[in-house]
Amino acid sequence: MALVDPHSYADDAQPRTKHLRLHLAVDFEKKRIDGRAILELASPAGGPMDLDTKGLTIVAVTASGGGEVLFDLGPEDPILGRRLRLKLPPGTTEVLLRYYTAQDAAALQWLDPAQTEGKKHPYLFSQCQAIHARSMVPCQDTARFRVTYHAEVTVPEALSAVMSAGPSGVLKGKGTRTFLFDMPQAIPTYLLALAVGELESRDLSPRARVWAEPATVEKAAWEFAGVEEMIVKAEGLFGPYDWDRYDMLVLPPSFPYGGMENPRMTFLTPTLLAGDRSLVDVVAHELAHSWTGNLVTNATSEHFWLNEGFTVWAERRILEAIHGEEAATLGWALGQKALEDSIARFGADSPLTKLRTHLEGSTPTTRSPPCRTRRGRVSSSSSSGRSGALRGTPSSPTT
Ligand SMILES: [Zn+2]
């Protein structure tokens, strides 16, 4: 037995998930997702398999042949959640879990219609980084392990769903629509992402599109019209963009961050819609993550500086290619100042100002000051307070 990450029950001596097939029914009345998750294993296996869960109610678990799989849920750990130990029969190739999420699932933010711009329909978005995916899907929730996925998301028919994946169709039901997605590139589970709301989109280039609520979508399309140029500049620096599409979703104001680099669907705060394209540099940061972080990432949250540090470096290279050397120099100076301010605030000998942190017993947070909070508008504009994704992150250096 070898636990490989202080923030996961995943064990690298046990079977490993290679591909996820998710069926997620989004219930706005109950504020929960009724899920079926099929975990396809890398190779036929038997014996114990430990998954991460947080707040999930496990209804049933069956193996490839339809036989029941015995399982037990360990005691609740306030940070990790509960270990779900499956006892797989020999030769298992896939395992099906039926479950539903908790009303206060850490990954899920449920908005009432009044909290949206259109005021007519509810809204749901997820934030799985750093260790919240386990509150949405039972999984091996460590950045060390990667999965591909297929998802079918059923929502009320007036609403649309987007994910960190390629769209692959819509099925009509009775009063519902089911959106299909495929993610052929393997991702760590913290990059699972889902949003559901009254959404429209506008194409910005053959491979880039922006999604937003109808009242916002034109403004968003104007603000981010230059994204293709950014992608081309980034490719000139770092090589081909490997994720096929670069789509963006502009969220309601309660989205707690400037941006989140969910692959194929960057999530962005609406406070970037300044009307003068002055804040679109945040997109350069999230786009940079398409190379640094999303293609290769830190093994555990204790080495997160590798992800965010290289991304800030790549972001500045992209901005230099677009705006020139003087603007880049100013960017470095502002970054240096932000770093010095943070060190002064937390203390030069604080464990939080070390590059390599020791976070066992702490909730990992991945919101580093350079990329998330230096743009003051972002944090000051969050109107509905702390989101589900922020709950339980008392050690965050960003607040
Ligand atoms: Zn970042």
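Residues numbered from 1 in each chain as written. Predicted model: local features only at pLDDT ≥ 70, side-chain atom pairs only at ≥ 80, totals over all residues. Heavy atoms only, no water.

**Some details on the overall build of the chain**
Looking only at helices and strands, the chain features seven helices and 17 strands. Projected onto the principal axes, the alpha-carbon positions of the chain cover approximately 65 × 55 × 40 Å. Every one of the 399 residues in the chain was classed for burial, and the buried ones make up 54%. In the chain, the proportion of contacts linking residues at least 24 apart, taken out of those at least 6 apart, comes to 70%. Carbon and sulfur atoms provide 55% of the accessible area of the chain, an area that totals close to 16,300 Å². Across the chain, the 42 positively charged side chains and the 47 negatively charged ones have centroids separated by 3 Å. (Helix = DSSP H or I, 4+ residues; strand = E, 2+ residues; numbered from the N terminus. Buried < 20%, exposed > 50% of the residue type's maximum accessible area, 1.4 Å probe, protein only. Contact = heavy atoms within 4.5 Å. Areas by Shrake-Rupley, 256 points an atom, 1.4 Å probe, with all protein chains shown as cover. Lys, Arg positive; Asp, Glu negative; His and termini not counted. Charge placed at Lys NZ, Arg CZ, Asp CG, Glu CD.)

**What about the environment of Thr-353?**
For Thr-353, the location among the structural elements is in the loop between helix H5 (325-346) and helix H6 (369-372). You can call Thr-353 partly exposed: its relative accessible area is 25%. Counting along the chain gives 302 residues from Thr-353 to Leu-51, while the straight-line C-alpha distance between them is 31 Å. Residues in contact with Thr-353, not counting those within four places in the same chain, are Ser-342, Ile-343, Phe-346, Gly-347 and Ala-348. A distance of 3.5 Å separates the side chain of Thr-353 from the backbone oxygen of Ala-348, its partner in a polar contact. A distance of 3.0 Å separates a polar atom in the side chain of Thr-353 from the backbone oxygen of Ser-350. (Polar contact = N/O pair within 3.5 Å; in protein donor to acceptor, adjacent residues only side chain to side chain.)

**As for helix H2 (residues 227-238)**
Given a rise of 1.5 Å per residue, twelve residues ought to cover 16 Å, and the 16 Å separating the end C-alpha atoms of H2 matches this to within 8%. Considered for burial, the residues of H2 that qualify are Val-227, Met-230, Ile-231 and Ala-234. Buried residues along H2 cover an arc of 100° about the axis, so they all sit on one side. Directly after H2, the chain includes Gly-239, whose backbone phi takes a positive value near 100°. (Expected span 1.5 Å × (residues − 1). Arc of directions from axis to C-beta.)

**Remarks on the side chain of Asp-11**
Counting through the fold element by element, Asp-11 comes out in the segment before strand S1 (17-27). There is no salt bridge for the buried Asp-11, and the closest opposite charge comes from Arg-85, which lies 5.7 Å off by N-O distance. (Salt bridge = Lys/Arg side-chain N within 4 Å of Asp/Glu carboxyl O.)

**With respect to the packing of aromatic side chains**
The full count for this structure, using the stated rule, is eight aromatic pairs. Ring plane angle 85° and centroid distance 6.1 Å describe the contact between Phe-255 and Tyr-257, whose orientation is recorded as edge-to-face. This pair shows no difference in class: Phe-255 is buried, exactly as Tyr-257 is. By the ring-pair criterion, three or more aromatic residues cluster together here, those being Phe-238, Tyr-241, Tyr-246, Trp-291 and Trp-313. Its end group placed over the ring of Tyr-100, Arg-32 keeps NZ or CZ at 3.8 Å from the ring centre. (Phe/Tyr/Trp six-rings, centres within 6.5 Å; stacked < 30°, edge-to-face > 60°. Lys NZ or Arg CZ within 6 Å of the ring centre and 35° of its normal.)

**Focus on the packing of H2 against helix H4 (residues 305-323)**
It is at 9 Å that the axes of H2 and H4 come closest, and there the two elements cross at 115°. As the angle between them shows, H2 and H4 are arranged roughly perpendicular. Helix-helix and strand crossings are classified by hand; for H2 and H4 the assignment is right-handed. Facing Glu-229, Met-230, Lys-233, Ala-234, Leu-237 and Phe-238 of H2, the residues of H4 in contact are Trp-313, Ala-314, Arg-317, Ile-318, Ala-321 and Ile-322. Residues of the contact of H2 with H4, tallied by class, amount to nine nonpolar, no polar and three charged. (Axes fitted to C-alpha atoms, helices over the stretch in contact; angles between N-to-C directions. Parallel < 35°, antiparallel > 145°, perpendicular 65-115°, else oblique. Left-handed = near helix turned anticlockwise from the far one by under 90°. Nonpolar A, V, L, I, M, F, W, Y, C, P; charged D, E, K, R; others polar.)

Interpretation in functional terms is not warranted from these geometric data alone.
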